[in-house]
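This is what each chain is made of:
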Amino acid sequence: MNTALIPAVQERSAALTSMADAAVTAGPLEVLTCQLGGVSYGIELRCVQEIRSYEAPTRIANAPDFIKGFVNLRGVIVPVIDLRLSFGLPVPAYDAFTITVVLNLADRIVGVVVDSVSDVIALLPSQIMPAPDFNDTVDARYIAGIGTPDVSSSDARMLVLLDIEKLMSSAAMGLVQPVLQ
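Residues numbered from 1 in each chain as written. Predicted model: local features only at pLDDT ≥ 70, side-chain atom pairs only at ≥ 80, totals over all residues. Heavy atoms only, no water.

A. Just the sheet that holds strand E11 (residues 159-162), in detail. If you trace the six strands from one edge of the open sheet to the other, you get E8-E1-E2-E11-E10-E9, paired in mixed fashion. The open sheet has two free edges, formed respectively by strand E8 (116-123) and strand E9 (128-129), since each of these has just one partner strand. Looking at chain direction, strand E10 (residues 143-147) and E11 are connected through four bridges and run antiparallel. Directly across from Ile143, in E11, lies its bridge partner Leu162. (Pairing = 2+ DSSP bridges. Helix = DSSP H or I, 4+ residues; strand = E, 2+ residues; numbered from the N terminus.)

B. A look at unusual backbone geometry. The phi torsion at Arg74 lies on the positive side, around 50°, for a residue other than glycine. Within the secondary structure layout, Arg74 lies in the loop between strand E4 (67-73) and strand E5 (76-82). Non-glycine residue Asp107 carries a positive phi angle of around 60°.

C. Representation of the pairing of strand E1 (residues 29-36) in the model. Burial within E1 is extensive, with seven of its eight residues counted as buried. Bridging between E1 and E8 involves six bridges; their strand directions are antiparallel. Paired with Leu32 across the bridge in E8 is Val120. From the end of E1 to the start of strand E2 (residues 39-44), which pair antiparallel, there are two residues, and Gly37 there has a positive phi angle of about 60°. (Buried < 20%, exposed > 50% of the residue type's maximum accessible area, 1.4 Å probe, protein only.)

D. Examining the sheet that holds strand E3 (residues 48-53) more closely. Spatial ordering of the open sheet is given by E3-E6-E7-E5-E4, a layout of five strands whose pairing is mixed. Bordering the open sheet on either side are E3 and E4, each of which pairs with just one other strand. Taken over all neighbouring pairs, the strand axes of this sheet differ in orientation by 30° on average, direction set aside. (Axes fitted to C-alpha atoms, helices over the stretch in contact; angles between N-to-C directions.)

E. Spatial organisation of the pattern of salt bridges. One pass over the structure, following the stated rule, counts six salt bridges. As a salt-bridge pair, Glu165 and Arg46 come within 2.8 Å of each other at their nearest N and O atoms. On the criterion of sequence distance, the pair formed by Glu165 in helix H3 (residues 164-168) and Arg46 in the loop between E2 and E3 is long-range, its members being 119 residues apart. Residue Glu165 is classed as partly exposed on the basis of its relative accessible area of 26%. Where Glu50 meets Arg52, a salt bridge forms, and the shortest distance between an N and an O atom there is 3.5 Å. Taking the relative accessible area as the measure of exposure, Glu50 reaches 18% and is therefore buried. (Salt bridge = Lys/Arg side-chain N within 4 Å of Asp/Glu carboxyl O.)

The structure is reproduced here in structure tokens:
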């Protein structure tokens, strides 16, 4: 194994272990499922404050494209990030299905734009698998694992489980201070 990958693999393993431990001690892990570019993603429900229809935010000069700007949410100024753009996906079409998921992370409110939301599902530890190992060309630090909600179904979908706290506290985002453990 490439020794440069070891810290990233250890981080993903720790995030997955944390998710699985939470599911064992507190029951199933509840995740909000959302779509980005035809792929299903899962965000831990404990981080979700609310789900809102998309409204065009006020732009910020010289901000990266994925930082859409900010909105006033009942007197709180909330930065808005387009996850599709931050993941390097094609420019989205904002329509009636576009959603802003408002997250409460480390006492900071952040809005993330997704193509749509599907539902909330509960994943048992047996339904959470480690993310596959990638080489240096794929940044998988923010993938906590892969959820397989219904492996017995002929329409078995897989969810990319995001470590949304780590993603939003990354240097690229710079929005939330990392939580020290």
